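# Overview (structure and organization)
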Amino acid sequence: MDKKYYITTPIYYPSGSLHIGHCYCTVAADSIARYKRLRGYDVKFLTGTDEHGQKIEEKAKAAGVTPIEYVDNIVTGIKQLWKDLKITNDDFIRTTEERHEKIVQKIFTKLYEQGDIYKGEYEGKYCTPCESFWTETQLVDGKCPDCGREVKLVKEESYFFKLSKYQDRLLKYIEEHPDFIQPESRKNEMINNFIKPGLEDLCVSRTSFSWGIPVTFDPKHVIYVWLDALTNYITALGYLSDNDEEFKKYWPADLHLVGKEIVRFHTIIWPIMLMALDLPIPKQVFGHGWLVIGNGQKIGKSFGNYVPPQEYIEKYSLDAVRYYLLREVPFGSDGNFTEESLVNRTNSDLANDLGNLLSRTVAMIEKYFDGVVPEASQDDEFAKSLKETINNSIADIENYMDKLEIGKSLESVWNIISRANKYIDETMPWALAKDESKKQELATVMYNLAETLRIVSVLLRPYLAETPSKIWEQLGITDNTDWEDAKTFGLLKVGTKVKKGENLFPRIEVKPKEEVKDLPKKEEAPKSNDYITIDDFEKVKLKVAKVLEAEKVEGSDKLLKLKVSLGNEERQIVAGIQKYYEPSELIGKKLVIVANLKPIKLKGIESCGMVIAAGDGDIVKVLFVDDLVKEGEDVH
Ligand code: MSP
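Here is a short report on the structure shown in this document. In this text the structure is predicted, and so the values were computed from the model without any measurement.

### Describing the overall build of the protein
- In terms of regular secondary structure, the protein is built from 20 helices and 24 strands.
- Its C-alpha atoms give the protein a radius of gyration of 28 Å, within 12% of the compact-globule value 26 Å for 636 residues.
- Burial status across the protein gives 53% buried among its 636 residues.
- If you take every contact in the protein between residues at least 6 apart in sequence, the share linking residues at least 24 apart comes to 75%.
- About 29200 Å² of surface is accessible on the protein, with carbon and sulfur atoms providing 49% of the total.

### Considering the packing of aromatic side chains
- Scanning the model with the defined rule gives 27 aromatic pairs in all.
- Ring centres of Y323 and W414 lie 4.7 Å apart, and the angle between their planes is 40°; this geometry places the pair in the tilted category. One end of the pair, Y323, is in helix 12 (residues 318–327); the other, W414, is in helix 15 (residues 406–427), with 91 residues separating them in the sequence. The residues Y323 and W414 share a single accessibility class, namely buried.

### Quick word on the site of the ligand
- By nearness alone, 25 residues border the ligand, and I11, D50, G259, E261 and L291 come closest of all.
- Between the ligand and I11 there is a distance of 2.8 Å, counted from a nitrogen atom to a backbone nitrogen or oxygen.
- One nitrogen or oxygen atom from the main chain of G259 is found 2.8 Å from an oxygen atom belonging to the ligand.
- Considering the ligand on its own, with 660 Å² of exposed area, one finds that the protein chains cover 96% of that surface.
- Of the residues that constitute the shell around the ligand, the class distribution is 14 nonpolar, eight polar and three charged.

### Quick word on the sheet that holds strand 16 (residues 542–552)
- The strand order 18-17-16-19-22 describes an open sheet built from five strands, whose pairing is antiparallel. Edge positions in the sheet fall to strand 18 (570–575) and strand 22 (610–611), since each has one partner strand and no second.
- Taken together, the two bridges between strand 19 (residues 590–594) and strand 22 define a ladder with antiparallel strand orientation. Residue I593 lies in a different strand from strand 22, and its bridge partner there is V611.

### Description of the environment of V307
- Mapped onto the secondary structure, V307 falls in the loop between strand 14 (297–298) and helix 11 (309–316).
- In this structure the C-alpha to C-alpha distance between V307 and I20, which are 287 residues apart in sequence, comes to 7.7 Å.

### Here's the deal with helix 15
- End to end, helix 15 covers 32 Å across 22 residues, agreeing with the expected 32 Å (1.5 Å per residue, within 8%).
- Backbone geometry just downstream of helix 15 places M428 in the positive-phi region, at approximately 45°.

### What to know about helix 4 (residues 98–113)
- End to end, helix 4 covers 22 Å across 16 residues, agreeing with the expected 22 Å (1.5 Å per residue, within 8%).
- Those residues of helix 4 lying buried are H100, I103, V104, I107, F108, T109 and L111.
- Once helix 4 ends, the next one or two residues include G115, with phi positive near 90°.

### Focus on the sheet that holds strand 1 (residues 4–12)
- Taken in spatial order, the six strands make up an open sheet running 3-2-1-11-12-7, and their pairing is parallel. A single partner strand is all that each edge strand has here, and the edge strands are strand 3 (91–94) and strand 7 (181–182).
- Sheet strands touched by helix 3 (residues 67–84): strand 1, strand 2 (42–49) and strand 3. Its angle to strand 3, the strand with the most contacts, is close to 165°.

### What to know about the environment of E51
- With respect to the secondary-structure elements, E51 resides in the loop between strand 2 and helix 2 (54–63).
- Looking at E51, the relative accessible area reads 0%, which means it is buried.
- Setting aside its immediate chain neighbours within four residues, E51 contacts P14, I56, V71, V75, R94, T95, T96 and W211.
- A distance of 2.7 Å separates the side chain of E51 from the side chain of T96, its partner in a polar contact.

### Here we look at the nonpolar core
- If you look at the biggest cluster of nonpolar residues, it comprises 105 residues, and the most contacted ones within it are W82, L85 and L354.
- Apart from the residues lying within four places of it in its own chain, the contact partners of L85 are C23, V27, I313, L318, V321 and R322.
- Membership of the second largest hydrophobic core comes to 68 residues, among which are L171, I181, Y233 and A236.

### What about the pairing of strand 18?
- Taken across its six residues, strand 18 has five buried, putting it largely inside the fold.
- Linking strand 17 (residues 560–565) to strand 18, which pair antiparallel, is a turn of four residues; within it G567 sits at a positive phi near 90°.

### Re the pairing of strand 1
- Counting buried positions along strand 1 yields nine of nine residues, so the element is predominantly enclosed.
- Both strand 1 and strand 2 contribute to a ladder of seven bridges, which runs parallel. By the bridge assignment, I7 is partnered in strand 2 with F45.
- Taken together, strand 1, helix 1 (residues 20–38) and strand 2 form a β-α-β motif whose crossover is right-handed.

About the criteria used
Within every chain, residues take consecutive numbers counted from 1 along the sequence as written. Since the coordinates come from a predicted model, pLDDT governs what is reported: local features require at least 70, and pairs of side-chain atoms require 80 or more to be given and counted, while whole-chain, interface and lining totals use all residues. Hydrogen atoms and water are omitted, and side-chain values are computed over all heavy atoms in the structure. Here a strand is any run of E in DSSP of at least two residues, a helix any run of H or I of at least four, and the numbering for each starts at the N terminus. The reference for a compact globule is 2.2 Å times residues^0.38; the radius of gyration itself is calculated from the C-alpha atoms. Partly exposed describes any residue whose relative accessible area lies between the buried limit of under 20% and the exposed limit of over 50%, with all areas from a 1.4 Å probe on protein chains only and scaled to the type maximum. Throughout, a residue-residue contact means that at least one pair of heavy atoms, one from each residue, lies within 4.5 Å. Surface accessibility in these figures is a Shrake-Rupley result with a 1.4 Å probe; residues are shielded only by whichever protein chains are displayed. Stacked, edge-to-face and tilted labels apply to pairs of Phe, Tyr and Trp rings (six-membered ring for Trp) whose centres lie within 6.5 Å, assigned for plane angles under 30 degrees, over 60, and everything in between, in that order. Any residue with a non-hydrogen atom lying within 4 Å of a molecule or strand is treated as near it. Two N or O atoms form a polar contact when they lie within 3.5 Å of each other; inside protein one atom must be a possible hydrogen donor and the other a possible acceptor, and for residues adjacent in sequence the pair counts only when both atoms belong to side chains. Charged means Asp, Glu, Lys or Arg here, nonpolar means Ala, Val, Leu, Ile, Met, Phe, Trp, Tyr, Cys or Pro, and polar covers whatever is left, Gly included. Two strands are said to pair when DSSP picks up at least two bridges between them. In this scheme, a helix's expected span is set at 1.5 Å multiplied by one less than its residue total. To define axes, lines are fitted to C-alpha atoms, for helices over the stretch in contact only, and angles between the resulting N-to-C directions are given on a 0 to 180 degree scale. Nine residue types can take part in a nonpolar core, namely buried Ala, Val, Leu, Ile, Met, Phe, Trp, Tyr and Cys, and a core is a set of them joined through side-chain atoms within 4.5 Å. With the strands aimed away from the viewer, a crossover counts as right-handed if its path from the first strand over the helix to the second runs clockwise.

All we've got here are geometric facts, nothing functional implied.
Right, here's the structure in full:
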């Protein structure tokens, strides 16, 4: 096969468990990979984890474990998450693997030997969470322009990479390859905000921490994490290794799918590295938007608004989550994530439009034709219009997928579904069934509906992981499910036996949302003096947490906002202890929290847990834990 397609996601920082925002990118990449496979491409789909750097080193230290112990644990969770989302990646690269580290060292040495990397002294600002260097003028109010957090002054001996030398070549490349940076707005941002003002040489090594890949010829330096990370796209293919078959076959990448804030690393540092290595540049870097919540805040690990994505899958089903991520937000823009909109999407598009179409069709074939797909005869105007919609929509879907307009391509699938539902209303099979002379017309309607559903099931294959085969089961089909098979109406065999199954997407009943204004009212104590059992007690998960940050909640004289570490996880907790503690008194202390209390909002701030304290009135004391006990330990 000569058509190849190499697609990558960013490699994720295993600094904490991933959230639904990370799933957004991976599910999108998965739908593109599935689509390309269906279109006959030999696809290589890569994802992985970016495991070095100062941030991870600090996290591991706070958790009292070694960096590798820290990341091993989180990476296991990330791999499980991709399994749960049925992601079809062909490889998973970890930057701590030997196949990666060795080659990064070779590349660094090569660039040094050819004069593109040189030694100097770095003095400037560094944002540890973003692992980014910033100049004074790039800062916004003295803070990181990407995440708004504090930056640190870094002054150390460093190696530098000569970005400036390649500036003109890069600009020319971008201008001559209009598809390289997409969407268009990101390209303009890169050119006008970063390249045209002038590229400064990039600091590419650090000496003030050690969790990274050492520079072979100067091992007190570790290689800057972005230089290390970007290289994953070629180390995973075996570049400079004994087996570089895949590199020869798949490089250059067809698509690096990345979030908008890391487009600049992929369209400035990365192409310049490749130019310096004399390698071809990827065909496209596409910068998608963010899933945001409420007031436009990016969903993030450190903002305390984290809900494990598996919870959504358990509650609403895998394909409901996948569908929502792919359909709700125009790819490229930011989009608001709410559970409410997830429920609405599932109910309207999946339960009503698709689920009902299947259950009605199968039920009618069972009722009117003993469950056997009958033969169609002459098309009337409604059937013609249905077929026309199918043909046009397939062309639209392909067109949109080629432009990575995933949401729009799904909209086109739904045009077919809506048209089929309308076809039922127009032809009124229940009325035809009452008139024996209309039997042939009824048969035509049934065939056309079942055949439309077969086509829809094929068209859903890039996006939904479980639904297509559930539809096949109910339609009783095992073949004609390849992409090209969607383009011929009439492949469904007459005589196929349909079988009613479970609802594809049962309607989700929406409970009214509870608004919590301030501290929750205490529940009344049980009236009786009955004992509880040990099982009752064990329902409450008490854990040791270490306070990392504490601050007063604006507009409240009761609440403190805490960021605590549970070892492998960070949480935000809002506690009503402002009257009793100065925030600074709490930082570094270990205390006990109820870890499985349902998150609530206090003064609009999410609280994921409760601090245990004793006392009343003027004297309230938090229950501190001896420092010897590790955070994350159970209290029993
Ligand atoms: N490790 C770097 C990438 C190195 S690639 C050579 C990194 N990791 S990350 O874990 O912080 O982010 C990975 C990706 O997740 C980024 O593309 C980022 O945009 C994406 N997202 C993180 N939060 C997101 C949302 N709330 N919404 C959408 N995407 C989000 O950056």
